[in-house]
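Geometric and topological summary
Chain residues, written in single-letter form:
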Amino acid sequence: MLGTDDEDAIRSLLARLYDAWARGDGDGYAACFAEKSDYITFNGMLLRGRAANARLHGALFQRFLKGTRLSAEIVDLELLAIDVALVHTAGTGRRKGYQTYVLVKSDAGWMIRSFQNTRVQPFSVRITRWAQNRGRH
């Protein structure tokens, strides 16, 4: 069971993550991740390590993501081990998406070890649901 202190620390970590994004701070954003981390972007790009994360986001914040904000709500927060947590969030912005975080706790506190962002593709979801329902007949 996740204690109140750990839950507060995890929520604070995500708040720092969102704040760094809003400020366009690639280094600050990447600082929320463990040195050894995996990051899968919404379009399937895989980043390995904090430095790669900082480089990509630093560049994106200068142009394509300049002035943008993250907007997501925690939908599930579960302690998998004393020092490992699983967090699912749902994007609440213009484009719907789901995010999965694996967090690890160390002496430095909670850090993101693995992250995956999946953007909802409405047409693809409809086709998949249609195929699923057809398969039941």
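Residues numbered from 1 in each chain as written. Predicted model: local features only at pLDDT ≥ 70, side-chain atom pairs only at ≥ 80, totals over all residues. Heavy atoms only, no water.

**Points about the environment of S106**
For S106, the position within the fold is in strand β5 (residues 97-106). Linking S106 and V84, residues 22 residues apart in sequence, is a C-alpha distance of 9.6 Å. (Helix = DSSP H or I, 4+ residues; strand = E, 2+ residues; numbered from the N terminus.)

**A closer look at the confidence of the model for the protein chain**
Confidence along the protein chain averages 93 in pLDDT terms, with 99% of residues attaining 70 or more. Of all secondary-structure elements in the protein chain, the lowest mean pLDDT belongs to helix α4 (residues 122-134), at 81, while helix α2 (residues 26-30) reaches the highest, 98. (pLDDT = per-residue confidence, 0-100.)

**With respect to the side chain of T41**
By secondary structure assignment, the location of T41 is in the loop between β1 (33-40) and β2 (46-48). Those residues within four positions of T41 in sequence are excluded, and the remaining contacts are L56 and N117. (Contact = heavy atoms within 4.5 Å.)

**Considerations on the pattern of salt bridges**
Throughout the structure, instances matching the rule amount to seven salt bridges. Between K105 and D6 there is a salt bridge, with the nearest N and O atoms lying 2.8 Å from each other. Here K105, found in strand β5, pairs with D6, found in helix α1 (residues 4-23); they are 99 residues apart in sequence, far enough to count as distant. Given the relative accessible area of 37%, K105 is considered partly exposed. Between R50 and E35 there is a salt bridge, and its shortest N-O distance comes to 3.0 Å. On the criterion of sequence distance, the pair formed by R50 in helix α3 (residues 50-62) and E35 in strand β1 is long-range, its members being 15 residues apart. (Salt bridge = Lys/Arg side-chain N within 4 Å of Asp/Glu carboxyl O. Buried < 20%, exposed > 50% of the residue type's maximum accessible area, 1.4 Å probe, protein only.)

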